[in-house]
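Structure at a glance
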Amino acid sequence: MKKAFRVFKKMDYTRLFLASFTSRMGSIIGMTAFSFYLLDRFSNQPIYVSLTEMMYSLPMLAVFFVVGVLADRMDRKKIAAYCEWISAVLSFALMGMIAVGWMPIIFAILFLRSAVNKFFFPAESGLVQGVLTEEEYTSAAGLNQMTQSLFMLFGSGLGIGFYWLFGVQGAVLIDAISFIISGLLIHACKMGEDVRLPNGPHQLKDLSVKMMIADFKEGIIYSLKHKLLFNLMIGFFVFGAVNGALSVISVFMLKYKLAPATYETWTIWEGIVFGSGILIGSVLASSFADKLKIYQMLYGGLFLSGLFVGAVAFSNHVITYLVLTCLTALALPAANIAIGGWLPKIVDPKMMGRVEGTISPLMMVSQTLALGLIAWTFPKYLNISGVFLAVGAMIVGVSIFFAMVLPKLAKEHEEKETAQEVVDVPV
């Protein structure tokens, strides 16, 4: 673990890490409170919660061909900072519309804010890749996984707590403030032009529609020709569907099956249990990351977590559900750390924005499809146990696929990289 924390000696990475932490924590607090606000106000219409989640995935379909291109052509630091500040302004607008209570405008603001956020992640990923060395990527992925566990551990509880104490508007205010602080931290970074502008300086007037489409096409071709990356992207499509489903079905399991009268309290406990499991699992995964092949961590963690998610379908008591939730959380970090540490190693820094701009819409499409299917089928055609079984089967399926194809592709990639290094050595 000491090795993992060494990355904080680089102040630019520390600022980026704190910016990401602040932004995500605020978002979790605000949107957890908003979800419970919808469940309270529209108790008999769970479709509103699914629609809210869709407002986070659908915008990618509108901006997918632009986000990666801008991250590779424009100043990544400015993109990341301005995305946070614009999101803060939209959060204040959301507070006003919640007071009015007009749902179409509320969903429109959520859609627009999500569209702005989609420009943030490719830019931020490129900045992190630029300020760290290849040997530090896995350490950074482990730290990101541990911070996610803290979000899970405290985020839901804080969100519900703010909702109970200050109402949904108080929680969304925290969301807005977090975006402001995050933008200021990114603005304070002092990375060089090679990190902010890896493809050289460009002006907005230079980015014609023809050029953006050509760049986006180049990112797709790069991903398709890169065999290892292409097969990982097949898994990302499934991950999107899984993320979309898990974002809503856990609270549905508590509200509509296990604890209808006390689901809010049990949701806090679920967050504590899941967050604790992710935190412990992150420490364990980081400790043996050097002892296993990165693809073994990936498909092994997915296989175990898929089994436990599927087993949740048979839970008839909250305690059983929490135990299986904890086991799932213990297994997931190995997969998340593996994928987070692997991508920066295999992707050309000049293409990172466009690769992220290809992966994100792929995941958003599958996430939107999953949420749409849940909104349509639950509870009329499919009960909550059936949803958990389907999600567990998808995770196990992609783990088996990875176990079949990744070892060979990883070996081929390593041999290609070694051969390239030999060619590049000056004689």
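Right above here is the structure, for reference.
Treat the numbers as computed from the prediction; the structure is a model and nothing was measured.

Within the structure shown, the criterion is met by five aromatic pairs. Residues Tyr13 and Phe17 carry aromatic rings whose centres are separated by 6.1 Å and whose planes lie at 40° to one another, so their mutual orientation is tilted. A residue pair is termed a helical-turn pair when its members lie 3 or 4 positions apart in one helix, as Tyr13 and Phe17 do in helix α2 (residues 11–41) at four residues. The exposure class assigned to Phe17 is buried, which follows from its relative accessible area of 14%. When the ring of Phe252 is compared with that of Tyr256, the centres are 5.7 Å apart and the planes differ by 70°; the resulting orientation is edge-to-face. With Phe252 and Tyr256 both in helix α10 (residues 227–258) and four residues apart, the pair spans about one turn of that helix. When its relative accessible area of 1% is taken as the criterion, Phe252 is described as buried.

Now for the nonpolar core. Leu232, Leu298 and Trp342 are the most contacted members of the largest nonpolar core, which totals 116 residues. At 16 residues, α10 tops the list of elements feeding residues into this core. Beyond its immediate stretch of four places on either side in the chain, Leu298 contacts Leu232, Ala334, Ala335, Ala338, Ile339, Trp342, Phe402 and Leu406.

Going through the model one piece at a time under the given rule, you end up with three salt bridges. Measuring nitrogen to oxygen at the nearest pair gives 2.6 Å for the salt bridge that ties Arg196 to Asp75. With Arg196 in helix α8 (residues 193–196) and Asp75 in the loop between α4 (59–73) and α5 (76–100), this residue pair connects regions lying 121 residues apart in the sequence. Both residues of the pair, Arg196 and Asp75, belong to the buried class. Between Asp175 and Arg113 there is a salt bridge whose closest N-O contact spans 2.8 Å. One end of the pair, Asp175, is in helix α7 (residues 137–187); the other, Arg113, is in helix α6 (residues 103–131), and 62 residues separate them in sequence. There is no split in this pair, since Asp175 and Arg113 are both buried.

Thresholds applied
- Residues numbered from 1 in each chain as written.
- Predicted model: local features only at pLDDT ≥ 70, side-chain atom pairs only at ≥ 80, totals over all residues.
- Heavy atoms only, no water.
- Phe/Tyr/Trp six-rings, centres within 6.5 Å; stacked < 30°, edge-to-face > 60°.
- Helix = DSSP H or I, 4+ residues; strand = E, 2+ residues; numbered from the N terminus.
- Buried < 20%, exposed > 50% of the residue type's maximum accessible area, 1.4 Å probe, protein only.
- Core = buried A, V, L, I, M, F, W, Y, C linked by side-chain atoms within 4.5 Å.
- Contact = heavy atoms within 4.5 Å.
- Salt bridge = Lys/Arg side-chain N within 4 Å of Asp/Glu carboxyl O.

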